[in-house]
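Observations on chain architecture
Spelled out, the chains give:
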Number of protein chains: 2
Amino acid sequence: MLTGANFIGNTKSKLSENGFHAINAKTGENLKDIFYPAVHEEIEQAVEMASKSFFEFQQISQKDRANFLNAIADEIVNLGDDLLQRASIESALPITRFKSERERTVNQLRMFADLLKDGSWVNASIDTALPNREPIPKPDLRKIYTAVGPVVVFGASNFPLAYSTAGGDTASALAAGCPVIVKSHPAHPGTGEMVAGAILLAAQNTNMPEGVFSNLNDSGYAVGTALVTHPKIKAVGFTGSQSGGRALMDMAAKRPEPIPVYAEMGSINPILLLNDALKNRNKEIAKSYAVSLTAGVGQFCTNPGLMIGIQGEYLDKFIKSLVGNIQEVLPAKMLTSGIALAYSNGLEKVLAQKNVTLEGTSNNDGNDLPGRPLVASVRGESFITNPKLSEEIFGPFSLIVKCVDQSELDDVVEQLGGQLTASVIGEEKEVLDYEPIIRKLANKVGRLIFNGVPTGVEVCPSMNHGGMYPATSDAKFTAVGIDAIYRFVRPISYQNWPNHFLPDELKNENPLQISRRVNGKQTKAEI
Amino acid sequence: MLTGANFIGNTKSKLSENGFHAINAKTGENLKDIFYPAVHEEIEQAVEMASKSFFEFQQISQKDRANFLNAIADEIVNLGDDLLQRASIESALPITRFKSERERTVNQLRMFADLLKDGSWVNASIDTALPNREPIPKPDLRKIYTAVGPVVVFGASNFPLAYSTAGGDTASALAAGCPVIVKSHPAHPGTGEMVAGAILLAAQNTNMPEGVFSNLNDSGYAVGTALVTHPKIKAVGFTGSQSGGRALMDMAAKRPEPIPVYAEMGSINPILLLNDALKNRNKEIAKSYAVSLTAGVGQFCTNPGLMIGIQGEYLDKFIKSLVGNIQEVLPAKMLTSGIALAYSNGLEKVLAQKNVTLEGTSNNDGNDLPGRPLVASVRGESFITNPKLSEEIFGPFSLIVKCVDQSELDDVVEQLGGQLTASVIGEEKEVLDYEPIIRKLANKVGRLIFNGVPTGVEVCPSMNHGGMYPATSDAKFTAVGIDAIYRFVRPISYQNWPNHFLPDELKNENPLQISRRVNGKQTKAEI
């Protein structure tokens, strides 16, 4: 059933002479399917087609784009259990996980479809003319968000459905009116091909212009580099490592026409553990954090990789409880052998740092299953003076920093880089004593959590999945929720245009019945 | 009265041994005042102070920030005619121009003050918890825009008031809650110092934290480079040349922590001249374009530098009328000797290009007044094959491109880079024939004008003063109007926080009575 081909619009193409095998992540063995990296000619075709289709696609009504997104969701569901099984084989994650991940993926697509049906997200703004104003007349000005052009999306290894081929980046870019070329992730090329097929079927069934979606394979960096540096590509979506994201940012910044890269990169998601909470709810907190730390073999971007507290009885008890919990968690296979190796090396490196103490790990030695939970600790003083301890170790690992006092804890927070999230575990009263530190933390993160775990990113309008660099490339935008669409649009003003020439969203009669800012007031009224 | 010092918060500092003279732009001679470039220590102090003040400033209520902005406006007005005279001497632009530019500057500050008093611009979004949701409870999430940190603003030479020390960038950054360090423009350091003094007086009178504003001098690139590459600076605002803007973009992109540069750079603002309009309104159009082309000695970023039409009788008549109009315009002094030299060189270079014809210039030879209006023409074919002809020549110059037919005109438009504006001069009926070309044009510009001139950027909510690169560094944002504030903020989500710990804008009782998105609906109601 899988072809291993690149999907260039509706054409299946494999011009490369050499392919790469998909890998069974559970066994490490090659699967029979061979995937063919896109060659120069195929990349050019995909971009050319995307660029041509953009002109037509951006003119398609929001309602028709909504139908397209809903059709994608339907076709993904139509793939049935085959999709879940393939994703599980290619990722070593259980089928049950993919049931919920598929639901999330489908819901994201439908969420953007609903946004388009409502139509008001374009932030239409109208200031009508004052032809008799002195000394000069005021023109009629009407502003709206419009699509930027073809977008390249890099699939993420850790969410083969929700952040990959038809994930949040693709859904929001298509919703915005931008054609999408996906650089399929080599860790799940079969899953990618199945989903790409679903998107293309939906595009044909809803009469979208060919070229609105393409899916290109590669096991290396050549295809991604060619896409990001192509003059007709106007934006990039990426979820992955800091080194990978930064490489794309640098490429995009050096182009004759620089373009934005929306990279959601790593984060150690610091947790502030306050004493009264540890005293009162030690076991409950430890249990919830053991779950958060080990969920999905620690392979979430919001994994709690750093816990900071004041040294003493309560922190020690918490560590004991946490270790007790993770000892019972079985080691597991990780997403890829590369990730597993990086995790092993990361653990080895951190445990070799001065004054770092191993607090506990899974009872199973996990020699053949590298994804074993592990907790280590270090004193605040050592953390502050050793920047290596602030680096992310992708996997079920957390470093606990023991500070002598609040002042040292402040210094630890000061030292942290940008993060997707930070959490504060505390009783309401003691939190007040830490207010300046919490505010400092807030200036570094995209989401600040009180008495909760960072994993489990709720998909809703008020979610911000972003944060200061290096957590993301651009703290102004979220990768999750409806506001993710704003990454792929930009404003344009129409001055003094006849009504019939304006986009429907800006016409006097407000045919789409959207909410607009008219002469400074938000209204659905016509003009 | 002028000190020539750097204003580091409330401290006047001149540690440099060597200063530079302000220049009388009308005579080219040195003024007596000497300005002292900021040295390393002064730059460090200003940034350190800005960084410290940020923590306090971002906590100040929107209402108090509004008072600060209004106080700046008041203090600028209090400077009286001295300010207008100084600006005129340093720019060679007439006093009357500065009366209107001061009004615009003051109005911009008050516009942002009004925005803060209303308070709803923060896009507060609240999704309340569903603690009983299955399989997992939904947390309470509340999102709001928050200030990014200290901002560096580069004053622009062509708007010594409206786009400089207290111009749109400074006003929007302060409104957002970001401290500002201005790199004062060496072409008007005296004007800059006077306005900086007004800002600091307003800051003291409204009890703003010291460091919220600093003003640093430099006649070269050292201070700007040090500021843009300083780790504690979080964003940059710039209005100027493409080479200057790109240099800052590259610097910012290479930082360990890349930061956004909002550069509003050059634009040739193409005008599509359609035949029926030229036939019916030849003289009227020519007159309005002669005014637009020569206003402010052509030193506006929206100056109409390129006009494109179909060759023939009507275009020829239009050129004749346009030339007739500009012949009567007297040459004038330009903003600086550097700008004048670049304009002369630009004209010489463009007139030396193959197939470029001089159509007309001011009747005065203008040997000692380099700002002489000039119009040249070239055939479409030559324009398409010679990228040099697409380069901006800053000054009262326009190139007219004569196309053989609509298809060639399409090719000319295809060839254009990003622009701040494009205009279409046409009768409503003929415009329909050009719809695909106009749409193509729309994809390159920030503002599309019908039957009007690009100069005269209306300051209102629906204005977009932006456009695709190289017109700006980031087409997502406008430099003019209330939406300019969004350049200096980023979203943050609060998850499950107690009500009293939330910013006022997110509290249940909605104490500021702002409009918020609550569970998907826009409302001012409390929760």
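These numbers come from a predicted model, not from an experiment.

All right, on to the sheet that holds strand 13 (residues 306–310) of chain B then. Two orientations exist for strands paired in a sheet by backbone hydrogen bonds: parallel and antiparallel. In space, the twelve strands of this open sheet follow the order 21(A)-20(A)-5(A)-6(A)-19(A)-18(B)-17(B)-12(B)-13(B)-16(B)-15(B)-14(B), with mixed pairing throughout. Lying at the two open borders of the sheet, with one neighbouring strand each, are strand 21 (521–523) of chain A together with strand 14 (357–361) of chain B. Recorded for the sheet is a direction-independent mean angle of 20 degrees between the axes of neighbouring strands. Taken together, the four bridges between strand 12 (residues 270–273) of chain B and strand 13 of chain B define a ladder with parallel strand orientation. Its bridge partner being in strand 13 of chain B, L272 of chain B is matched across the sheet by I308 of chain B.

Bringing the side chain of R97 of chain A into the picture now. Locating R97 of chain A in the fold gives a position in helix 4 (residues 95–118). Ignoring any residue separated from it by four or fewer positions in sequence, one finds R97 of chain A in contact with N158, F159, P160 and F300 of chain A.

What follows covers the pairing of strand 9 (residues 213–216) of chain B. Residue and element names in this part refer to chain B. Neither face of strand 9 is exposed, since F213 and N215 on one face and S214 and L216 on the opposite face are all buried. Of the strand pairs in this sheet, strand 8 (residues 180–183) and strand 9 are connected by four bridges, and their pairing is parallel. Residue V180 lies in a different strand from strand 9, and its bridge partner there is F213. A crossover connection joins strand 8 to the parallel strand 9 through helix 6 (residues 189–205); in handedness this β-α-β unit is right-handed.

This part is about helix 11 (residues 337–351) of chain A. An α-helical turn contains 3.6 residues, so any two residues separated by three or four positions project in the same direction. Residue and element names in this part refer to chain A. Spanning 15 residues, helix 11 covers 21 Å between terminal C-alpha atoms, matching the ideal 21 Å at 1.5 Å per step. Every buried residue of helix 11 is accounted for by I339, A340, Y343, G346, L347 and V350. Angular distribution of buried residues about the axis of helix 11 spans 125 degrees; they occupy a single face of the element. Residues of helix 11 that are exposed and point over 90 degrees away from its buried face: S337, L341 and E348.

With that out of the way, let us pick up unusual backbone geometry. Residue and element names in this part refer to chain B. Put simply, E134 and P135 share a cis peptide bond, and its omega is 0 degrees. Locating P135 in the fold gives a position in the loop between strand 5 (125–127) and strand 6 (141–147). The residue after Y469, namely P470, is reached through a cis peptide bond having omega 10 degrees. Within the fold, P470 resides in the loop between strand 18 (445–450) and strand 19 (489–495). With phi around 60 degrees, N207 is a residue other than glycine that occupies positive phi space. With respect to the helices and strands, N207 occurs in the loop between helix 6 and strand 9. For N207, a relative accessible area of 64% corresponds to the exposed category. Even without a glycine there, the phi angle at N519 is positive, about 45 degrees.

What follows covers the packing of aromatic side chains. Tallied over the entire structure, the rule returns 22 aromatic pairs over all chains. Among the aromatic residues, those joined into a cluster by ring pairs are W121, Y145 and Y486 of chain A. When the ring centre of F159 of chain B is taken as reference, the NZ or CZ atom of R97 of chain B above it lies at 4.8 Å. Stacked on the ring of F477 of chain A, the Lys or Arg K476 of chain B has its end atom at 5.7 Å from the ring centre.

Overlay of chain B on chain A (RMSD 0.0 Å): rotation 180 degrees, translation along the axis 0.0 Å. The two molecules are tied by a two-fold rotation axis, judged by turn and shift. When each C-alpha of chain B is compared by its distance to the rotation axis, A253 of chain B comes out closest, at 3.2 Å. When the interface residues of chain B are mapped onto chain A, 100% of them are again interface residues, pointing to one common binding face.

The next subject is the interface of chain B and chain A. On the chain A side, the residues contacting the 73 residues of chain B number 73 residues. Both faces considered, chain B and chain A share a buried interface measuring about 6000 Å² in area, 55% of it formed by carbon and sulfur atoms. For the chain B face of the interface with chain A, the top three residues by lost area are S462, K476 and R490 of chain B, together amounting to 12%. Inspection of the region where chain B meets chain A yields six salt bridges.

All names here are of chain B. Positionally, R86 belongs in helix 3 (residues 80–91). Residue R86 is classed as buried on the basis of its relative accessible area of 11%. A distance of 2.8 Å separates polar atoms of two side chains, one belonging to R86 and the other to E90. Beyond its immediate sequence surroundings of up to four residues, R86 is in contact with L2, A22, L31, D33, F35, G190, T191 and M194.

Moving on, we get to the pattern of salt bridges. In the structure shown here, the tally under the stated rule is 46 salt bridges over all chains. The shortest N-O distance in the salt bridge between R246 of chain A and D250 of chain A comes to 3.1 Å. Residue R246 of chain A and its partner D250 of chain A are both found in helix 8 (residues 242–254); the two are separated by four residues, about one turn of the helix. With a relative accessible area of 27%, D250 of chain A lands in the partly exposed category. The closest approach of N and O atoms between K32 of chain B and D33 of chain B, which form a salt bridge, is 3.5 Å. Here the salt bridges do not stand alone but share partners, grouping K32, D33, R86 and E90 of chain A into one network.

Turning to the environment of Q242 of chain A, a few remarks are in order. One can find Q242 of chain A in helix 8. For Q242 of chain A, the contacting residues outside a window of four places in its chain are M265, G266, S267 and P470 of chain A.

On to the pairing of strand 6 of chain B. All names here are of chain B. Where burial is concerned, most of strand 6 is hidden: six out of the seven residues are buried. Pairing between strand 6 and strand 19: seven bridges, direction antiparallel. Bridge assignment links I144 to a residue of strand 19, and that residue is I492.

Take the packing of helix 3 (residues 80–91) of chain A against helix 6 (residues 189–205) of chain A next. Residues and elements named next belong to chain A. Where helix 3 contacts helix 6, the two axes come as close as 8 Å, and the packing angle between them is 155 degrees. Compared by their axis directions, helix 3 and helix 6 come out roughly antiparallel. With respect to the hand of their crossing, helix 3 and helix 6 are arranged in left-handed fashion. Note on element contacts: helix 6 touches helix 3 through P189, G190, T191, M194 and V195, opposite D82, L83, R86, A87 and E90. Considered class by class, the residues forming the contact of helix 3 with helix 6 number five nonpolar, two polar and three charged.

So, on to empty space enclosed by the protein. With the rule as written, the count across this model stands at six cavities of 30 Å³ or more. Considering only enclosed or pocket space, the largest cavity measures out at about 880 Å³ in volume. If you go around the largest cavity, you meet 38 residues; those closest to its centre are P260 and D474 of chain A together with I259, P260 and D474 of chain B. When contributions to the lining of the largest cavity are tallied by element, the ones reaching two or more residues are helix 8 and strand 11 (261–264) of chain A together with helix 8 (242–254) and strand 11 (261–264) of chain B. It is helix 8 of chain B that contributes the most residues to the lining of the largest cavity, five residues altogether. Partitioning the lining of the largest cavity into residue classes produces 25 nonpolar, two polar and eleven charged. By volume, the second largest cavity is sized at about 120 Å³. In terms of lining residues, the second largest cavity is bounded by 16 residues, among which I268, G305, E392, I393 and F397 of chain B are the most central. A per-class count over the lining of the second largest cavity returns nine nonpolar, five polar and two charged.

Attention now moves to helix 2 (residues 62–78) of chain A. Residues and elements named next belong to chain A. Here helix 2 spans 24 Å end to end across 17 residues, near enough to the 24 Å set by a 1.5 Å rise per residue. Every buried residue of helix 2 is accounted for by Q62, R65, A66, F68, L69, N70, A71, I72, A73, E75 and I76. If you follow the buried residues of helix 2, they end up packed against helix 1 (40–57), helix 3, helix 4, helix 5 (168–176) and helix 6. Once helix 2 ends, the next one or two residues include G80, with phi positive near 60 degrees.

Cut-off values and rules
- Residues numbered from 1 in each chain as written.
- Chains lettered and ligands numbered in written order.
- Predicted model: local features only at pLDDT ≥ 70, side-chain atom pairs only at ≥ 80, totals over all residues.
- Heavy atoms only, no water.
- Pairing = 2+ DSSP bridges.
- Helix = DSSP H or I, 4+ residues; strand = E, 2+ residues; numbered from the N terminus.
- Axes fitted to C-alpha atoms, helices over the stretch in contact; angles between N-to-C directions.
- Contact = heavy atoms within 4.5 Å.
- Buried < 20%, exposed > 50% of the residue type's maximum accessible area, 1.4 Å probe, protein only.
- Right-handed = clockwise from strand over helix to strand, strands pointing away.
- Expected span 1.5 Å × (residues − 1).
- Arc of directions from axis to C-beta.
- Phe/Tyr/Trp six-rings, centres within 6.5 Å; stacked < 30°, edge-to-face > 60°.
- Lys NZ or Arg CZ within 6 Å of the ring centre and 35° of its normal.
- Least-squares fit on C-alpha atoms with pLDDT ≥ 70 in both.
- Buried area = accessible area lost by both parts, 1.4 Å probe.
- Salt bridge = Lys/Arg side-chain N within 4 Å of Asp/Glu carboxyl O.
- Polar contact = N/O pair within 3.5 Å; in protein donor to acceptor, adjacent residues only side chain to side chain.
- Parallel < 35°, antiparallel > 145°, perpendicular 65-115°, else oblique.
- Left-handed = near helix turned anticlockwise from the far one by under 90°.
- Nonpolar A, V, L, I, M, F, W, Y, C, P; charged D, E, K, R; others polar.
- 1 Å grid on protein atoms, 1.4 Å probe; cavity = no way out; pocket = protein on both sides within 12 Å on 5 of 7 lines; lining within 4 Å.
- Points joined across faces, edges and corners; volume = space filled by probe spheres on them.

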